[in-house]
Structure formats: structure tokens, C-alpha cells
2 protein chains.
Amino acid sequence: SSTSSTGDMKEQIDEMDGLDEFGEAVNQGKQIYMVSDGTGWTAEHSVNAALGQFENCLVDRGCPINTHLFSGVEDTDRLLEIMKQAAMEGALVLYTLADPNMADAAKQACQLWGVPSTDILGPTTEAIAMHLGVAPSGIPRGAPGRKAQLSEDYFRRIEAIDFTIKQDDGAQPQNLNRAHIVLVGVSRTGKTPLSIYLAQKGYKVANVPIVMGVDLPRSLFEINQKKIFGLTINPAVLHAIRKARAKTLGFHGGMRSNYSEMDHVRSELEHANKIFAQNPSWPVIEVTGKAIEETAAVIVRMYHDKKQKCLMPGISKRY
Amino acid sequence: SSTSSTGDMKEQIDEMDGLDEFGEAVNQGKQIYMVSDGTGWTAEHSVNAALGQFENCLVDRGCPINTHLFSGVEDTDRLLEIMKQAAMEGALVLYTLADPNMADAAKQACQLWGVPSTDILGPTTEAIAMHLGVAPSGIPRGAPGRKAQLSEDYFRRIEAIDFTIKQDDGAQPQNLNRAHIVLVGVSRTGKTPLSIYLAQKGYKVANVPIVMGVDLPRSLFEINQKKIFGLTINPAVLHAIRKARAKTLGFHGGMRSNYSEMDHVRSELEHANKIFAQNPSWPVIEVTGKAIEETAAVIVRMYHDKKQKCLMPGISKRY
Ligand SMILES: Nc1ncnc2c1ncn2[C@@H]1O[C@H](COP(=O)(O)O)[C@@H](O)[C@H]1O
Ligand SMILES: Nc1ncnc2c1ncn2[C@@H]1O[C@H](COP(=O)(O)O)[C@@H](O)[C@H]1O
Ligand SMILES: [Mg+2]
Ligand SMILES: [Mg+2]
């Protein structure tokens, strides 16, 4: 049936050929369409990573790109409608479609209409199928009847998120012993977003701010010290981040004015470094220039290395 | 230089051939190695999605799989060490390596040692390169000198996370007007993890619990009603979730005992449905059997559709 639908669409696209130039004119720059029968997050994640390879060209929008995410594309009609639009706009189509008929329809439509396209996940799924000696189900995640099970892993992640939110910004220091990971650093080193990122991976995280003139909670020094990670950052960068932050919060004049002043930033970081020097078992992670997920990767790697102490450190999971 | 390194490794792996059976015996089931010069999250995300296609075979560990994530693999030595281990364990290797020399080294080592392997991101990056007419930089994200810029997008996401944490569980109803998205539902419909998931995508989210005998905040009815989404769930599933929850929290006997009782669950959901019926402009989303990221995808789609009102709804972004 995918073939006949593609045939129908061939006629429709021919009718619309006159719109081509209009379609081009509407959007400046290059278009990338991401199409998924699921959430589209895999395609989005992959495209974001791949676009990192074209940063120079993206800076200052020297070569502007627009991405368009189409999620929950579960039938051929909607699929071909999107492909048609892609043809009109001269877009690149990157798709993840579990149903082989849908994936075929996408491929054929793109060939027919001269749309460049790539199946993002197909090769990975096929490699796993070969490795397991089992054929993929071909059933998309949202298909009727399929239910995400309430697995142990699901509950673990939910609990980690609840815990982590409650422990933000030094709250409830009596619970630090229940955390998997404890982050320590001055304001705006990314403790909160980092905690949340790690919580979504299933780690219970607490973060404790270093503030001059305020003692760190006693419990921090009583728990397993292997859980604790210090965060540090370049003073000039922290200064810039705090300036931006102060602007957003609308600080003016007197109150907390020294929060974003360079001298204050510098002495606060020196204070933090002194604490780190006194606690040499805490690894200190330099976050300058790192995205949240990059710092998260470093911490998760160290966390597992410490636990495993094996020859080939890595993060292992069972399915 | 990658070729000569591969040559060296050939000798080393030959020396270790005797370990093959040992390697097999250590780990039950099939091994999947994920190797990245970056965080490894792209590989992990892709493999998780692909493994969804083998759920039947994974249930009850009928065909057990172990994944191993190796992130920050930045030099050929470490790369080949991992490949060697993969050869010994009969693992499948799935990699993302931005440096073409590293990707070549991976490919060659795998061919030489008979390790099945797939480049997860390469085809996507190449498709984008062709589309843009620009060659990929070949520089991995963690490379010295490369710095994640503190972009507007970065600050937007950090602010969204800070906002969302503060608005959890009905806190600060006076700020509901500042949210992009407001989630309303009874306890354990996933409001908190969903809020956090959306916050990481840059949306400011507030969630408001529906509790029998407690009035919803007046401000909820004064803000733009298009922001509001109701969550509903099958009573039996909610009952099961709450039972699991009560166990974790260690509820016993008296206090909040009715929280997880079926009658209470049912009347609470009826109460919620009455509220939803009184507010027909709130879309009501059925979360039963949906993973957090699936519900998030539905909400993000509706959020953008409402805003755009265009012929081809989808989520667009500029780079
Ligand atoms: N749990 C799952 N079960 C079956 N298919 C899945 C699962 N998760 C993701 N997929 C498929 O993997 C691709 C990417 O998913 P998504 O990231 O939701 O767009 C889509 O084709 C989905 O249908
Ligand atoms: N911002 C970026 N700049 C350059 N390369 C990137 C960027 N983000 C991801 N990559 C590359 O994309 C692949 C997947 O990244 P990751 O998800 O961090 O493992 C790796 O080869 C990274 O080096
Ligand atoms: Mg914070
Ligand atoms: Mg909650």
C-alpha cells in the first residue's frame, strides 16, 4: 500500500510544483526535517550532536539552519504530507520510523521527489538485530496495545527526581547520606541543572552551596566522602554568568550588589578552593566551557570508576 | 598513525586469544559497547530507542543484554584497548567519533578483529554536510580549545529549570502567569518528572496538584488558559503506582492510609475529571502506559500547535 500512496502523492506534488519558489522564499536558510513515529527526541538529540560539527558555519548565522520536528507520525498519509512539504522547501529529511512499511514509504517518497534523506536509527537497530539474532518488532513506541511498563528503573528515576528537587541548594542536610552524589560549589557553577540532569539518569543528587561566611553542614563531612564532587570555574566566566543572572533577576544598586562583582567572585572562588584543598578526597571538576551534559558525563564516569575499580572502567547496565 | 596502531593491536589481541572463553564466561548474555569521544549520551539515547524494538526478547531477560558506555575516548590507544576488550567479549560496538582518524581506526580495528560495529552518527553528519555544502569540523566536543558557548539557549534552559523547581507541587501560585506550561492532576500522575523533563527543554513549567477538599489556586483561572494541561490516568494503574510509592515512603496504618486505596483513588480521579469538564479549554492528556518523554512529546506538540496555528504543525528551531 505504501507504493500506491506514493503514486498518489507523485500527482499531488506535481500539481504543487508552482509553489516551489514560494516555499523556498518563506524560510531563509537550509531546512532540516526530523520525522519520528515516536517522540522525536532521538532524532533531535542526534541532530543536535551532529550540528556540533558545523559550529563554525552556524556562528552568527553565517549559514542559517532551521530544524522542524515532526513527532508521532504514525500513518503514511501524514508521512507523505510532510515529505511533500520537505520537497517544496528543499529540506533534508532525517527520520526514525520503526514500522518497515513506513520507513520504506519515506525512502521511496524521498527518492521520487529528490529529497535527500537518512534513516537515523535503522542501521543501529539492524546491527543489534544481527548481534542478537532476533528481528526487530517493527512496532513504534506509541502503537496501540504497547504500554511503557512501570519498571523498577522507572520508579528509581522518579524517586531520584523527587529526592533531588528536595535537596536543592543545601536543603535538608540531614538527608545527604541518602544521596548517591553530592555536588559542592559556589553559586552559579551549575549545581542545580547538573543535579537535575543526573537525577533524570536515576542518581539521587544533593547540592550544597559554598557561601562565604556560612559554614558547610556538618553532615557533609560525616557521609561517605567518595560521593562528593567539587565544582570550580574560571573567575572571569563566573563573573559573566553572574552579570547575566543579576540582570535577569533585576538586582539593582544596594542589595546583593557584590554578588556579581569581580573581586567578590574571585575571593569566593579562593574560599572554595581552600575548602577543596582541605578535602583532597573530593575530585574537583572544572566546569568552565563545559555544557551541563559534559560535566554530567565526567561525574557519572568517575562515580562508576570509583565503585567498580575494574580494569576497564565504563558504565554498565543490564537489560 | 591509526594504521600502525591497529597493527600493534593485532599482535596484542593475538597474544590474548586464550582469554576469549574467560571473557565470555564473565558476562552472561550479549554485550553492547558504546564508544564516544564525547559524553556518550547520543549513543546511549539511540541504543535505548533501538532496544525498544527488542522488548519481547528482553522481557524476563530471555535474551539478556549488557551495555557498556565508554565516554570521553579521545585517543587511539584507549580506543583500541576498548576494541580489543570488545573482541574478547564478542561484543557489538556502536560508536560516535567526530575525528575521522579515530572513526577510521575504530572501523579498521573492528574489521581486523571481526568485531561487528556501526557508526551511529556518521551518516547523519554526512547527510547534513552534503545538505549544507560544508565539511564537518572533525573536532570532538571535548577537544581542547573548543568551549561550549554560554548561549542564550543555555541561560534560557537554566532559568527554566530554576523556575520549574520552585513551582513544584503547587508552590508559589502567584507565579503561574510566568510559566509557559501549567500541569494539573492528582498525585502521582507524573507532574513532577514531566515538569522537569520539559524544563530541560527550556520550558518554564509549573505543576498544580488536585487534592480533594483543597481549592485550586485562584490564579490558575486568571492566567492564559491555553497554557494549562490536565493529566489523567487509569485508576487501577494509579492505584498500583501509589501502592509502590507508599511502600517506598514507608507509610503504614493510619496516616495517609487512604492515599493508595482503590476507592480513594477512584473518587479523586472523578473529582479531577469534574474539574477538567468545567474547564474544557484544558486539553486532558491520558498518561496511562506512557513514558514521561512520551507525554512530554504530546504536550510540546500541542503547545507549539496552539502557538503556530499553521498548516504544517511541527516544532521549529533556528540555529
Ligand atoms: N520503547 C520503545 N519501543 C519500541 N520502539 C521504540 C521505543 N522507544 C523508541 N522506539 C522507536 O525508536 C524511534 C525513536 O524514538 P523517539 O525517540 O521516541 O522518536 C522511533 O521509531 C520509535 O518508535
Ligand atoms: N557541540 C558539539 N561540538 C562538536 N561535536 C559534538 C558536539 N556535540 C556532540 N558532538 C559530537 O557528537 C558525538 C556524540 O556526542 P556525545 O553525545 O557527547 O557522545 C561525538 O562524536 C561528539 O564529539
Ligand atoms: Mg542552584
Ligand atoms: Mg510531584
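This text follows the structure it describes.
Colleague: Give a description of the interface of chain B and chain A that names residues and reports values.
Modeller: Contact with chain B, which involves 104 residues of that partner, is made by 104 residues of chain A. Between chain B and chain A, a total of about 9300 Å² is buried, with carbon and sulfur atoms accounting for 60% of that surface. Taken as a group, B:Trp41, B:His131 and B:Tyr319 account for 10% of the area that chain B buries against chain A, more than any other trio of residues on that side. Scanning the region where chain B abuts chain A turns up six salt bridges. The partner of B:Arg141 in a salt bridge is A:Glu293, and the shortest N-O contact between them spans 3.3 Å. Counting across the interface, chain B meets chain A through 27 residue pairs in polar contact (both at pLDDT 80 or more). No other element matches helix 3 (residues 41-51) of chain B, which puts 10 residues into the side of chain B that touches chain A. Grouping the constituent residues of the side of chain B that touches chain A by class yields 54 nonpolar, 29 polar and 21 charged.

Colleague: Account for the sheet that holds strand 9 (residues 315-318) of chain B, with residues named and values stated.
Modeller: The sheet built from five strands is open, its strands ordered 4(A)-3(A)-1(A)-2(A)-9(B) with mixed pairing. The sheet is open, and its two borders are formed by strand 4 (117-119) of chain A together with strand 9 of chain B, each paired with just one other strand. On average, each strand axis in the sheet is inclined to that of its neighbour by 15 degrees, with strand direction left out of account. Two elements, strand 3 (residues 92-96) of chain A and strand 4 of chain A, share three bridges in a ladder whose sense is parallel. In the sheet register, A:Tyr95 faces strand 4 of chain A, and the bridge partner there is A:Asp119.

Colleague: Can you lay out the pattern of salt bridges for me, pointing to particular residues and giving the numbers?
Modeller: Counted under the stated rule, the structure contains 12 salt bridges over all chains. The partner of A:Glu268 in a salt bridge is A:Arg242, with the nearest N and O atoms 2.6 Å apart. Taken together, the residues span a long stretch of sequence, with A:Glu268 in helix 11 (residues 262-278) and A:Arg242 in helix 10 (residues 235-249) at a distance of 26 residues. Take A:Glu268: its relative accessible area is 7%, and that puts it in the buried class. When the shortest N-O distance is used, the salt bridge between B:Asp153 and B:Arg156 registers 2.6 Å. Linking B:Asp153 with B:Arg156, this pair stays in helix 8 (residues 152-166), spanning three residues, or about one helical turn. By relative accessible area, B:Asp153 is classed as partly exposed at 31%.

Calculation criteria
Counting restarts for each chain: residues are numbered from 1 in the order of the written sequence. Note on labels: chains are lettered from A, ligands numbered from 1, in written order. In keeping with the predicted nature of the model, local features appear solely for residues at pLDDT of at least 70, side-chain atom pairs appear and are counted solely at 80 or more, and the whole-chain, interface and lining totals rest on all residues. Each side-chain value is worked out from all heavy atoms of the structure, with water and hydrogens disregarded. Here, two residues are considered to be in contact whenever any of their heavy atoms come within 4.5 Å of each other. Here's the idea: put two parts together, see how much 1.4 Å probe accessible area each one loses, and the total over both is what we call buried area. Within this document, salt bridges are pairs made up of a side-chain nitrogen of Lys or Arg and a carboxyl oxygen of Asp or Glu, the two lying within 4 Å of each other. A 3.5 Å cut-off defines polar contacts: any pair of N or O atoms within that distance qualifies, except that in protein one atom must be a possible hydrogen donor and the other a possible acceptor, and neighbouring residues in sequence count only when both atoms are side-chain atoms. Counting from the N terminus, the helices are the DSSP runs of H or I reaching at least four residues and the strands are the DSSP runs of E reaching at least two. Only Asp, Glu, Lys and Arg are considered charged in this grouping, and only Ala, Val, Leu, Ile, Met, Phe, Trp, Tyr, Cys and Pro are considered nonpolar; every other residue, Gly among them, is considered polar. By definition, two strands form a pair when at least two bridges between them are found by DSSP. Helix axes are fitted to C-alpha atoms over the stretch in contact, other axes to C-alpha atoms as well, and angles between N-to-C directions run from 0 to 180 degrees. We call a residue buried when its accessible area falls under 20% of the maximum for its residue type, exposed when it is over 50%, and partly exposed in between, using a 1.4 Å probe and counting protein chains only.

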